[in-house]
Protein chains: 2
Amino acid sequence: MRQETHPLVALVRADRARGAGELARWCVDQLAHAVRASAAPTAVALHAEVSSVASSLRAARPSMVAIENLVGRWLAALPDPTGSEIGDYRQRAVEASDQLVTASRRATAAAARHAARLIGPDRTIMTHSRSATVLMCFQELAPNTRAITTESRPPAEGRVLAQELSALGIVTDFLSDQQMAAFVGHADVALVGADTVTGDGSVVNKAGTRLLALAARDRGIPFYVCYEALKRTERSVSELVLESHDPGEVATLNLPHVTVRNVYFDVTPPELVTAWIDEDGPTEAPSGDPEGGPARSSRP
Amino acid sequence: MRQETHPLVALVRADRARGAGELARWCVDQLAHAVRASAAPTAVALHAEVSSVASSLRAARPSMVAIENLVGRWLAALPDPTGSEIGDYRQRAVEASDQLVTASRRATAAAARHAARLIGPDRTIMTHSRSATVLMCFQELAPNTRAITTESRPPAEGRVLAQELSALGIVTDFLSDQQMAAFVGHADVALVGADTVTGDGSVVNKAGTRLLALAARDRGIPFYVCYEALKRTERSVSELVLESHDPGEVATLNLPHVTVRNVYFDVTPPELVTAWIDEDGPTEAPSGDPEGGPARSSRP
């Protein structure tokens, strides 16, 4: 019998608005809701039920390692159900979720503060897509900062970021994606979030991030990536799947010989990154190498 | 009294679909129509009338030197109206238009043939925007070539190109603009047209062209520009105006502090160009310099 996709997994697969960190926290929060709402009669039955959903969630968004990692930590924190009272099991599972979500929020905020400190006030920051970590950095600096943001099609989550920056009183230039090179010369620094950071410092993030990194290097401005360490994986880029989504989000052409592509992520190699900023602070690319590149022996 | 904008000038200013070469030829063709349709009673009156429209047309699209140049050549080819019969004047003005349009078409086709010869069959060509010259190159090579094309927002003239490539039977990947870096690794060569080429070899073309050039260099694939020589100017980039158009083409946000930008063109510096291809053939960047850059003593 073919197993039905759990509604939570379907929602996570369909989500186009949230970045990896927000979505990972939402998953673990929703798993706590599932634990509370379950009608399972025993701890063993409840464990079997939520472990199955959690395992499916871990694989739902292969370009977002944070989901795999945070849900994995929750699974590891679950008590042994054998011999557990269902009430105890439920309470400890919910507490584990709360603790992981709080820790992830704090790590994200800490990374954002480090980014804000590194950049300093009264600078023009150019970004791409909508990262919750980058937004927190803007919150730290508002209103004494300026922004250049991109539409970030599809689904154009940059429009949401523009609303958030406007609410913070930050003077913002909003561009369609293809204008990046025309405006990067007006920025002091480029700052993006990450969906995943691999062991060699490669950054998987919304498609277009690598274009911003190339444009930043071309103009000699720093390219910073900020993210909580949860987003790191020891896997290499070649082992990661870059998700494609519905081509109809790009265009409906229906032309013979023409294939509409909708690859959501691209990979920015470490040579294009000036500094990786997580909750422990920035790791700058070795300064001796004009092409950049992280110190292999240090973070990330 | 404030002078009304001539309808032809208004149409040229509003045109978002055609590249500089197509639009320049259309202008000169429309001037011939204006000569034929005019009710002016004498050659002197007709000359004054069409010279005024032509002068306004030359200034209508400051990022498209081809219009200034081709209309300028037509003005220079007009007979002296003093003492001319109006019938003779009209005939010579129309003939001058026909000759200039034919010569421009031939030059464009020749540039496209040179590009096709340089690239050769069975390659994957990546382009941006919709250039009539690049389309002719695809026609030369079809169906033994493959294409990777971009939407090229706004107004997404890449959708028109996708239709044209489909009709030629060319297998095509169609991308939204921010996917460029994710796909350039699948291309053998990048090829674009130009709206204007300055004396030092800088290329003014649809915004996003510089991103493609950066992505091509990053992957080590050649970046070719093909255009008829009419598009060259001796002016420097700083003397050119990069047109902005209605921000509503990008987004309607109406947010305090947020300015929507719609700069239509960007400038690709000569260091990013592998070869400039016009009707006289390709001029390759000096091979001794890994960063490229044109020979200042040779074309362009």
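Bear in mind that the values here come from a model prediction, so they are computed numbers and not experimental data.

A. Expanded view of the state of the cysteines. Under the counting rule described, the total for this entry stands at 0 disulfides over all chains. You can see B:Cys137 has no disulfide; the closest cysteine sulfur is in B:Cys226, sitting 6.0 Å from it.

B. Representation of the environment of A:Ile221 in the model. Residues and elements named next belong to chain A. Tracing the backbone through its elements, the reader meets isoleucine 221 in the loop between helix 9 (209-219) and strand 7 (223-226). Along the primary structure isoleucine 221 and aspartate 188 are separated by 33 residues, whereas in three dimensions their C-alpha atoms are 6.2 Å apart. Apart from the residues lying within four places of it in its own chain, the contact partners of isoleucine 221 are Val184, Ala187, Asp188, Val189, Ala190 and Ala216.

C. Quick look at the relation of the copies chain A and chain B. Rotating chain A by 180° and moving it 0.0 Å along the rotation axis overlays it on chain B with an RMSD of 0.0 Å. These values place the two chain copies in the arrangement generated by a two-fold rotation axis. Of all interface residues in chain A, 100% are interface residues in chain B too; the two copies therefore contact each other through one and the same surface.

D. A look at the packing of helix 2 (residues 20-37) of chain A against helix 4 (residues 65-77) of chain A. Residue and element names in this part refer to chain A. As a packed pair, helix 2 and helix 4 sit with axes 8 Å apart at the nearest point and diverge in direction by 30°. As for how helix 2 packs across helix 4, the hand of that crossing is right-handed. Between helix 2 and helix 4, the contacting residues are Ala20, Leu23, Ala24, Arg25, Cys27, Val28, Leu31 and Val35 on the first element and Ala66, Ile67, Leu70, Val71 and Trp74 on the second. Among the residues making up the contact of helix 2 with helix 4, the classes are represented as 12 nonpolar, no polar and 1 charged.

E. Spatial organisation of the sheet that holds strand 2 (residues 146-150) of chain B. Spatial ordering of the open sheet is given by 8(A)-3(B)-2(B)-1(B)-4(B)-7(B)-10(B)-11(B), a layout of 8 strands whose pairing is mixed. If you trace the sheet from one side to the other, it starts and ends with strand 8 (258-260) of chain A together with strand 11 (281-284) of chain B, each paired once. Across this sheet, the average inter-strand angle for adjacent strands is 25°, counted without regard to direction. Examined bridge by bridge, strand 1 (residues 124-126) of chain B and strand 4 (residues 189-192) of chain B share 2 bridges and lie parallel to one another. In the sheet register, B:Ile125 faces strand 4 of chain B, and the bridge partner there is B:Val189.

F. Fine view of the pattern of salt bridges. Taken as a whole, this structure holds 28 salt bridges over all chains when the rule is applied. B:Arg123 is the salt-bridge partner of B:Asp188, the closest N and O atoms lying 3.7 Å from each other. Highlighted residues: B:Asp188 in the loop between helix 8 (180-183) and strand 4 and B:Arg123 in the loop between helix 5 (86-119) and strand 1, separated in sequence by 65 residues. The class of B:Arg123 is partly exposed, set by a relative accessible area of 34%. Where salt bridges share partners, they join A:Glu22, A:Arg130 and A:Glu164 into one cluster.

G. Inspection of the nonpolar core at higher detail. In this structure, A:Phe223 and B:Phe223 are the most contacted members of the largest nonpolar core, which totals 56 residues. Looking at this core, the elements that each hand over two or more residues are helix 8 (180-183), strand 4 (189-192), helix 9 and strand 7 of chain A together with helix 8, strand 4, helix 9 (209-219) and strand 7 (223-226) of chain B. Dropping the residues within four chain positions of it, B:Phe223 is found in contact with B:Ala190, B:Val192, B:Thr209, B:Leu212, B:Ala213, B:Ala216, B:Thr268, B:Leu272, B:Val273, B:Thr274 and B:Ala275. One finds B:Ala20, B:Val28, B:Val53 and B:Leu70 within the second-largest nonpolar core, a separate group that totals 40 residues.

H. Looking closely at the packing of aromatic side chains. In the structure shown here, the tally under the stated rule is 2 aromatic pairs over all chains. Consider the rings of A:Tyr264 and A:Phe265, whose centres lie 6.3 Å apart with planes at 55°: the pair is tilted. Across the pair, A:Phe265 and A:Tyr264 agree in class, each one buried. A cation over an aromatic ring shows up here: A:Arg18 above the ring of A:Trp26, its NZ or CZ 4.5 Å from the ring centre. The side chain of B:Lys206 reaches across the aromatic face of B:Tyr264, ending 5.2 Å from its centre.

I. Spatial organisation of unusual backbone geometry. Cis geometry marks the peptide bond from A:Pro154 to A:Pro155, where omega comes out at 5°. In this chain, B:Ala142 is followed by B:Pro143 through a cis amide linkage whose omega measures -5°. Looking at the element boundaries, B:Pro143 is found in the loop between helix 6 (132-141) and strand 2. Phi at A:Ser129 is positive, roughly 65°, even though this residue is not glycine. If you trace the backbone, A:Ser129 turns up in the loop between strand 1 (124-126) and helix 6 (132-141). Look at A:Ser129 and you get buried, because its relative accessible area is 10%. Even without a glycine there, the phi angle at B:Ser152 is positive, about 65°.

Criteria and cut-off values
Throughout, a residue's number is its position along its own chain's written sequence, starting from 1. Ligands are numbered from 1 and chains lettered from A, in the order in which they are written. Two thresholds apply to this predicted model, a pLDDT of at least 70 for residue-level local features and 80 or more for giving and counting side-chain atom pairs, whereas whole-chain, interface and lining totals are computed over all residues. Side-chain measures here rest on the full set of heavy atoms in the structure, leaving out hydrogens and waters. Criterion for a disulfide: a pair of cysteine sulfur atoms within 2.5 Å. Only runs of H or I of at least four residues qualify as helices and only runs of E of at least two qualify as strands under DSSP, and these elements are numbered from the N terminus. A contact between two residues is defined here by any heavy atoms of the two lying within 4.5 Å. Overlaid copies result from least-squares superposition on C-alpha atoms, with residues included only where pLDDT is at least 70 in both. Structural elements are reduced to axes, namely lines fitted to C-alpha atoms, with helices fitted over the stretch in contact, and the angle between N-to-C directions of any two is expressed from 0 to 180 degrees. Note: crossing handedness is left-handed where the near helix turns anticlockwise from the far helix by less than a right angle, and right-handed where it turns clockwise. Residues are grouped as follows: Ala, Val, Leu, Ile, Met, Phe, Trp, Tyr, Cys and Pro are nonpolar; Asp, Glu, Lys and Arg are charged; all remaining types, including Gly, are polar. Should DSSP find at least two bridges between two strands, the strands are regarded as paired. Salt bridge, as applied in this entry: a Lys or Arg side-chain nitrogen positioned within 4 Å of an Asp or Glu carboxyl oxygen. Exposure is judged per residue with a 1.4 Å probe applied to protein chains only, and the accessible area is read against the type maximum: over 50% gives exposed, under 20% gives buried, and values in between give partly exposed. We call a set of buried Ala, Val, Leu, Ile, Met, Phe, Trp, Tyr and Cys residues a nonpolar core when their side-chain atoms join them within 4.5 Å. Only centres within 6.5 Å qualify two rings of Phe, Tyr or Trp (six-membered ring in Trp) as a pair; their planes then separate them into stacked at under 30 degrees, edge-to-face at over 60, and tilted for everything else. To sit over a ring, a charge needs its Lys NZ or Arg CZ within 6 Å of the ring centre and within 35 degrees of the ring normal.

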